[in-house]
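# Observations on the three-dimensional arrangement
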Amino acid sequence: MSVLKFGYHFVTADLDTVWFDNPLKYLSTNIAQVVLQGQTHRHNQLSGGFICVHSTLSGKQFWLRVIHCHNKNLEYLLKTRMKVTSKYTEQECINQVANGTLNRLTQIHYLNEDLFPDGRRFFEQKLPQLNGVIPVIVHNNWIIGLDERWKRFQSWNLLCDDATPTNDELKFHKNLFKNFRLRIKIITYNRFQSLKRLLASLLTAYYFNDQVDLDIWIDHPLQDATTETRKERLLIVQYLSNKKQFRWPHGSLLVYQQKSHMELFGQWTQSTRTKTDEYEILLVLEDDITVSRYFYVFIKKALQYYYYNRTNYDPLVYGFSLQNQDTILGQTVATKTRSGDIQTILRDDYGSPLFYKYQLLGK
């Protein structure tokens, strides 16, 4: 209240939220009319996960009523020693006062539910991911107990429980580009000659004694695959298994055969077995292309200019592509058909959801 009296708007947020972007630029600037804005709860209510109150006469009057409601609730809880307090929280007071005093159409601004999703919308329904939206703030609610919140954050790699910096400063660490490392991932199935042509071009490229690791993922044949398809795939397996025929001298080599037929989409999204760090950059190649001898030179210079350069860095861009992006944030094999009722989601070896998390610049 003292902040409002001094003429400043204020934002209040729950501790069980994760911020991916500055939320202020998504707030309404209609100070003359809007009194209250925040994260949406159950489509027509406000969540205590993120609330902004404006320092206007209406805003001050609104917050005074919230404080009065809160004090009454506290007095009641102390008197009754009630253990279940979910109906007597600040969020309940905010909605109760808003319902009684504010015009929901003009005086309350509900923030976009995909940009500011609650726990049910993000973790369970996965609607921001299906809609291709990178959230601003994710609220880890719709779950009971601190331990369960902690486990959910951990399983989604959203918990920083040490002193490691989590902001963009990490990307500009002075040793980051010096320790840069490329991992090439080739996805293949039954095009033996195409794969050989790609591998030959990679072998003749200039790497300047840098470590470059190579992963080759071979899709599994369908049950009704033709004899020719199986023969071509077998040639690939035999060729890569014979060190006299193929050897990768620039780093580690991983050859992995899928246990079921993944198709091209599955090969792109679910072909990672090595846990990466902030130094590693992934280059994905399909087997029907070739690379220039100077492709590695271009990649290093592009990364140095666009990714490791503070002036040019854009946190919304995660990579570069020779084709337009048609795989949206959050798609998996299960969700590609836009199923609205997905009860399970595939997870990797570390318990994290298998999302294709990259926003790419197209051709």
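Up top is the structure these notes are about.
A brief look at the structure comes next. Predicted model, so just to flag it, every value in this text is computed and none were measured. (Residues numbered from 1 in each chain as written. Predicted model: local features only at pLDDT ≥ 70, side-chain atom pairs only at ≥ 80, totals over all residues. Heavy atoms only, no water.)

The subject of this paragraph is the packing of aromatic side chains. Throughout the structure, instances matching the rule amount to 18 aromatic pairs. Pairing Tyr26 with Phe116 gives two aromatic rings, centres 6.2 Å apart and planes at 80°, and the pair type is edge-to-face. Of this pair, Tyr26 sits in the loop between β2 (17-19) and β3 (36-41) while Phe116 is found in the loop between β5 (108-110) and α4 (119-124), placing the two residues 90 residues apart along the sequence. For Tyr26, a relative accessible area of 29% puts it in the partly exposed group. Consider the rings of Phe192 and Tyr239, whose centres lie 5.6 Å apart with planes at 70°: the pair is edge-to-face. With Phe192 in helix α7 (residues 192-203) and Tyr239 in helix α8 (residues 227-241), the pair connects residues that are 47 residues apart, well separated along the chain. Under the relative-accessibility criterion, Phe192 is labelled buried at 9%. Pairwise contacts between aromatic rings join Phe180, Tyr207, Trp248, Phe295 and Tyr296 into one cluster. (Phe/Tyr/Trp six-rings, centres within 6.5 Å; stacked < 30°, edge-to-face > 60°. Helix = DSSP H or I, 4+ residues; strand = E, 2+ residues; numbered from the N terminus. Buried < 20%, exposed > 50% of the residue type's maximum accessible area, 1.4 Å probe, protein only.)

What follows concerns the side chain of Ser55. If you trace the backbone, Ser55 turns up in the loop between β4 (45-53) and α2 (57-80). On the accessibility criterion, Ser55 (15% relative accessible area) is buried. A distance of 2.7 Å separates a polar atom in the side chain of Ser55 from the backbone oxygen of Leu4. Not counting the four nearest positions on each side in its chain, Ser55 is found in contact with Leu4, Gly7, Tyr8, His9 and Lys60. (Polar contact = N/O pair within 3.5 Å; in protein donor to acceptor, adjacent residues only side chain to side chain. Contact = heavy atoms within 4.5 Å.)

Our focus in this paragraph is a nonpolar patch on the surface. Among the surface-exposed residues, Val3, Phe6 and Tyr8 lie close enough to one another that they form a single nonpolar patch of about 380 Å² accessible area. By the element assignment, Phe6 lies in the loop between α1 (2-5) and β1 (10-13). Phe6 sits in the exposed class, given a relative accessible area of 69%. (Patch = residues over 30% accessible without salt bridge, like charges linked within 9 Å, V, L, I, M, F, W, Y side chains within 5 Å. Areas by Shrake-Rupley, 256 points an atom, 1.4 Å probe, with all protein chains shown as cover. Salt bridge = Lys/Arg side-chain N within 4 Å of Asp/Glu carboxyl O.)

This part takes up the nonpolar core. Ranked by size, the top nonpolar core spans 30 residues in total, and within it Leu182, Ile184, Ile186, Leu199, Leu202 and Phe295 carry the most contacts. Counting residues per element, the ones that place at least two in this core are β7 (181-188), α7, β8 (212-218), α8, β10 (280-286) and α10 (295-306). The dominant element in this core, judged by the number of residues it contributes, is α7, at 5 residues. Ignoring sequence-local partners within four residues, the contact set of Ile186 consists of Leu195, Leu198, Leu199, Leu202, Leu214, Asp215, Ile216, Trp217 and Leu285. Grouped together as the second largest cluster of nonpolar side chains are 17 residues, Leu46, Trp63, Cys69 and Ile108 included. (Core = buried A, V, L, I, M, F, W, Y, C linked by side-chain atoms within 4.5 Å.)

Attention now moves to the sheet that holds β5. The strand order across the open sheet built from 4 strands is β1-β4-β3-β5, with neighbouring strands paired in mixed fashion. The sheet terminates laterally at β1 and β5, the two strands that pair on one side only. Neighbour-to-neighbour, the strand axes of this sheet turn through a mean angle of 35°, independent of strand direction. Taken together, the 5 bridges between β3 and β4 define a ladder with antiparallel strand orientation. Bridging across to β4, His41 finds its partner in Gln45. Across the sheet, helix α3 (residues 90-101) touches β1, β3, β4 and β5, and the angle it forms with β4 is around 85°. (Pairing = 2+ DSSP bridges. Axes fitted to C-alpha atoms, helices over the stretch in contact; angles between N-to-C directions.)

Our focus in this paragraph is the pairing of β7. The buried count for β7 comes to 8 of 8 residues, which makes it a mostly enclosed element. Strand direction decides the pairing type here: β7 and β10, joined by 7 bridges, are parallel. If you follow Ile184 over to β10, its bridge partner there is Leu283. Looking at chain direction, β7 and β8 are connected through 7 bridges and run parallel. Bridge pairing in β8 links Leu182 to Val212.

It is worth spelling out the sheet that holds β10 at this point. Whenever strands of a sheet pair, they do so through backbone hydrogen bonds, lying parallel or antiparallel. As summarised here, the arrangement of the 4 strands in space is β9-β8-β7-β10, forming an open sheet in which the pairing is parallel. Edge positions in the open sheet fall to β9 (253-257) and β10, since each of these has one partner strand only. For this sheet the average axis-to-axis angle between neighbouring strands, irrespective of direction, equals 20°. Two strands pair when backbone bridges link them, and β8 and β9 are joined in this way by 5 bridges, in the parallel orientation. Within β9, the residue paired with Trp217 across the bridge is Tyr256. Lying on the sheet, α8 is in contact with β7, β8 and β9; it crosses β8 at an angle near 150°. Contacting β7, β8 and β10, α10 runs over the sheet at an angle of about 125° to β7.

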